[in-house]
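What follows is each chain in one-letter form.
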Amino acid sequence: MSLPQPKPGILSIEKYVVGKSKAGTKKIIKLSSNENAFGPSPLAIKALSECAGRLNRYPDSGASELRKAIAEVYKLDADRIICGAGSDELIGLLVHAYAGEGDEVLYSQHGFLMYKIYTQGAGATPVAAAEKNLTADVDALLAKVTPKTRLLFLANPNSPTGSYLSGAELKRLRSGLRKDIILVVDGAYAEYADKVDYSSGNELVDATHNTVMLRTFSKIYGLSALRLGWGYFPEGIADVLNRIRGPFNVSAIAQAAGAAAVRDTEYTAYVRAETNKWRGWVTQELQSTGIHVPPSLGNFILAGFPGGKKTAAAANQFLTERGIITREMGEYGLPDCLRITIGIEEENRALAAALKEFMAQ
Ligand SMILES: Cc1ncc(COP(=O)(O)O)c(C=O)c1O
């Protein structure tokens, strides 16, 4: 008798490689997963500790308080917000609900790897469109649309490149897509974006029946460990996802901490200002050593190494020996690059000093 076999395609999935957390040294500087080095709002920590006495109870299935808080702060319709165990879960639910064998899911060349993994898991076919200057290219994306296309995922700003599409380009992308194709604008880093022509896509969600915006509490809100994300959906798509999600997919602790975090807008503004200030500083420091750093709208930068003896792999090794962990980019098709999260001041200074030493040796 043969052993149980997964559905076709599952065994060809290359597992997602998470950012490393160890470097074999006592003290490490972890700049590998685009976490918020400043930590969450103290009000979020207080709110989650108050949940300790109620752990025997299931959470609110509808995450009402959390959705209400998000709706107030972002000025959205709470009925069309759905929360998930990280935005990862919402990406998975969307693919699961709308794509299967014979369907195609589109994303840009250096897009978030989970788009491809969830697509393969659903038995659908992942399709990547080439980027221009490390930026999603609307025309290249539209050229890849076929009658089989069901969803298009676009991280805006994108990780690992840090690049973005303007609100006008997003609109052009939406208008060029058939009505039955869902455009998913993944704004995991939206709160850090500081360009006037940037749009996280919420107006498109309100204006169409086929655009979705995803957001996360793992980045600016500093709650990666809790696994909490949310999305803003047209009514029809929200209804579909609410039918297939687990009834208790978001823990009570995550709901309480998330609501407190999102309401603490002063703290969010502080994290954004500090991160963006240090992002500018790190960019300049690295550029002054000959490392190529394209502009980034996220809480990270992409460092491109010139080659010869100055490769990304050699830099990674050099940094690891000094307890500084960054993210290698081979699986994103960017083997000459490292993605480096912006840390707190001493971490950023240690990173810049180490890379200066590496480039000078
Ligand atoms: C572009 C993008 N989307 C989504 C996610 C998933 O975030 P989470 O599942 O932690 O909400 C990440 C995480 O790094 C990301 O970079």
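Residues numbered from 1 in each chain as written. Predicted model: local features only at pLDDT ≥ 70, side-chain atom pairs only at ≥ 80, totals over all residues.

Participant: How should I be thinking about the domain arrangement of the protein chain in this particular structure?
Facilitator: It is common to report an interface's size as the accessible area lost on association of the parts. The domain architecture assigned to the protein chain consists of domain 1 (18-40 + 266-360) and domain 2 (42-263). The C-alpha centroid of domain 2 is placed 25 Å from the C-alpha centroid of domain 1. Elements represented by at least two residues in the side of domain 1 that touches domain 2 include exactly α10 (265-287) and β9 (300-304). Here the side of domain 1 that touches domain 2 takes five residues from α10, the largest share from any one element. Looking at the side of domain 1 that touches domain 2 residue by residue, the class counts come to 12 nonpolar, 10 polar and four charged. (Domains from an automatic or database assignment. Helix = DSSP H or I, 4+ residues; strand = E, 2+ residues; numbered from the N terminus. Nonpolar A, V, L, I, M, F, W, Y, C, P; charged D, E, K, R; others polar.)

Participant: How do you make sense of the environment of I29 when you look at a structure like this?
Facilitator: By the secondary structure assignment, I29 is in strand β1 (residues 29-30). As for I29 and T320, which are separated by 291 residues in sequence, their C-alpha atoms are 9.3 Å apart. Beyond its immediate stretch of four places on either side in the chain, I29 contacts G323, I324, I325, G343, E347, A350 and L351. (Contact = placed C-beta atoms within 7 Å.)

Participant: I'm lost on the environment of Q284 in this one. Help?
Facilitator: Considering the arrangement of structural elements, one finds Q284 in helix α10. The exposed category is assigned to Q284, around which 11 C-beta atoms lie within 10 Å. Sequence-wise, Q284 and A352 are 68 residues apart; in three dimensions their C-alpha atoms are separated by 9.6 Å. (Buried ≥ 20, exposed ≤ 12 C-beta atoms within 10 Å, placed from the backbone.)

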